[in-house]
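Secondary and tertiary structure notes
Here are the chains, one letter per residue:
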Amino acid sequence: MSPRVGPSGPLSREKIVTTAIGVADEVGLEAMTMKRVAERLGTGAMSLYRHVADKDELIEAMVEQVTGDYAYPGRSGIGWREAMHVLARQDWAAFLAHPWLLTATATVTPPFGAASLAAMEWALSALDELKLAPHAAARAVMTINNYVQGSARVVVGDRQAEAGEDPGRAWQQRLSDVDLHAFPRLNRLISHPLPAGERDWFAEGLDVILDGIEARGRS
C-alpha cells in the first residue's frame, strides 16, 4: 500500500503528531479533533487512522513528543536542589508554550513512552543524594509537579497577566480598593508592601517545597 500523499507530502505518524500539537496550541485540546488535524494536513480523517488508533493515542504521542522536546539536561555537577529547579523550569516552559499539556497530562494513562519514562528516572535519580525511601522520593517529585502545574494554571487562566507577572502583586492590586477591615489578617497582607524590585515568585515557592523535602531527608 502506497503512503497517502497530501499537499504537504506523504503522511506519517510524526507529521500527524506535529500537526496535532500545532492545532492544539491554537484551539485547545478538546477542539483538536482528528477531522481538524486531517484538514490541516489536506487529507481525510480516515487516513490518519492508518498511523494512530484514535484521539487518545494521538494525545499520548503529542505528550511524548513535547516531553522529548523539553527533556532535562545532563546532571553532571548539578546537585539535587538545582536539579529540581531545572526540572520545574523545563516543565514550566513546556506548559506555557503548550497550555493543552495541562489537561493532557491529567488524562493520559500508561503506557508511557521512552521520553516520559526517562523524565521520571531523571527526577528520581536527582534525589538519590537525599537517601529518601522510593515512595518518599516519588511523593516529592509529584508534589513539585503539582506545584508547577498549579502555578502554570494560574498564569494560563489569567488572560490579563503576563507569563512572568508576580501573582502576589497582581492580587495586591486587585484587592487594594476592597474594604478588608472585617478580615484583619488579609487586610494586613494586602496592605503590607512587597519587597521592592522584581522577585522570582516561582522559584521562591518551589524553595518552600524543597526545604520540606530536604528536612525529610535529614530525619
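Per chain, residues are indexed from 1 in the order of the written sequence. It should be noted that, the model being predicted, local features are given only for residues of pLDDT at least 70 and side-chain atom pairs only at 80 or more, the latter also being counted only at that level, while totals for whole chains, interfaces and linings use all residues. Side-chain metrics rest on all non-hydrogen atoms present in the structure, leaving aside hydrogens and water.

All right, on to the pattern of salt bridges then. A carboxyl oxygen of Asp or Glu within 4 Å of a side-chain nitrogen of Lys or Arg is what we treat as a salt bridge. One pass over the structure, following the stated rule, counts 6 salt bridges. The residue arginine 13 makes a salt bridge to glutamate 57 at a minimum N-O spacing of 2.9 Å. Taken as a pair, arginine 13 in helix H1 (residues 13–27) and glutamate 57 in helix H4 (residues 55–69) lie far apart in primary sequence, 44 residues in all. A salt bridge links arginine 81 to aspartate 207; the shortest N-O distance between them is 3.4 Å. Taken as a pair, arginine 81 in helix H5 (residues 80–97) and aspartate 207 in helix H11 (residues 201–218) lie far apart in primary sequence, 126 residues in all. The buried label applies to any residue whose accessible area, calculated with a 1.4 Å probe on protein chains only, is under 20% of its type's maximum; exposed applies above 50%, and partly exposed to all values in between. For arginine 81, a relative accessible area of 23% corresponds to the partly exposed category. Each member of the salt-bridge network shares a partner with another, and the members are Arg81, Asp207, Asp211 and Glu214. Put simply, DSSP marks the helices as runs of H or I at least four residues long and the strands as runs of E at least two long, and each gets a number from the N terminus on.

On to the packing of H1 against H4, then. Where H1 contacts H4, the two axes come as close as 9 Å, and the packing angle between them is 85°. When the axis of H1 is compared with that of H4, the two are roughly perpendicular. Counted together, Arg13, Glu14, Ile16, Val17, Thr18, Ala20, Ile21 and Ala24 of H1 and Glu57, Leu58, Ala61, Met62, Gln65 and Val66 of H4 form the full contact between these two elements. Throughout, the ten residues Ala, Val, Leu, Ile, Met, Phe, Trp, Tyr, Cys and Pro are labelled nonpolar, Asp, Glu, Lys and Arg are labelled charged, and all others, Gly among them, are labelled polar. Of the residues assigned to the contact of H1 with H4, the class counts are 9 nonpolar, 2 polar and 3 charged. Lines are fitted to the C-alpha atoms to define the axes, a helix being fitted only along its stretch in contact, and any angle between axes, read from their N-to-C directions, falls within 0 to 180 degrees. Any angle that falls under 35 degrees is termed roughly parallel, while one over 145 is termed roughly antiparallel, one within 65 to 115 roughly perpendicular, and all others oblique. Any two residues whose heavy atoms approach within 4.5 Å are treated as being in contact.

Before going further, it helps to examine the packing of aromatic side chains. The criterion for an aromatic pair is that two Phe, Tyr or Trp rings (for Trp, the six-membered ring) have centres within 6.5 Å, with stacked assigned to planes under 30 degrees apart, edge-to-face to planes over 60 apart and tilted to the rest. Enumeration over the complete set of coordinates arrives at 5 aromatic pairs. Note on tyrosine 72 and tryptophan 122: the rings are 4.7 Å apart at their centroids and 45° apart in plane angle, and the pair reads as tilted. Here tyrosine 72, found in the loop between H4 and H5, pairs with tryptophan 122, found in helix H7 (residues 114–126); they are 50 residues apart in sequence, far enough to count as distant. Assigned by exposure class, tyrosine 72 and tryptophan 122 land together as buried.

In this section: the layout of surface pockets. Approximately 990 Å³ is the volume attributed to the largest pocket. Using a grid of 1 Å spacing that covers the protein atoms alone, one calls a set of points a cavity when a 1.4 Å probe fits there but cannot get out, and a pocket when the set is open and has protein on both sides within 12 Å along at least five of seven lines; lining residues are those with an atom within 4 Å of a point. Around the largest pocket, the lining is made up of 37 residues, and of these Thr105, Ser116, Ala119, Met120 and Asn145 lie nearest the centre. Of all the secondary structure elements, the ones that give two or more residues to the lining of the largest pocket are H4, H5, helix H6 (100–107), H7 and helix H8 (134–157). Grouping the amino acids of the lining of the largest pocket by side-chain chemistry returns 24 nonpolar, 8 polar and 5 charged. Grid points are joined across faces, edges and corners, and a volume is the space filled by probe spheres set on the points.

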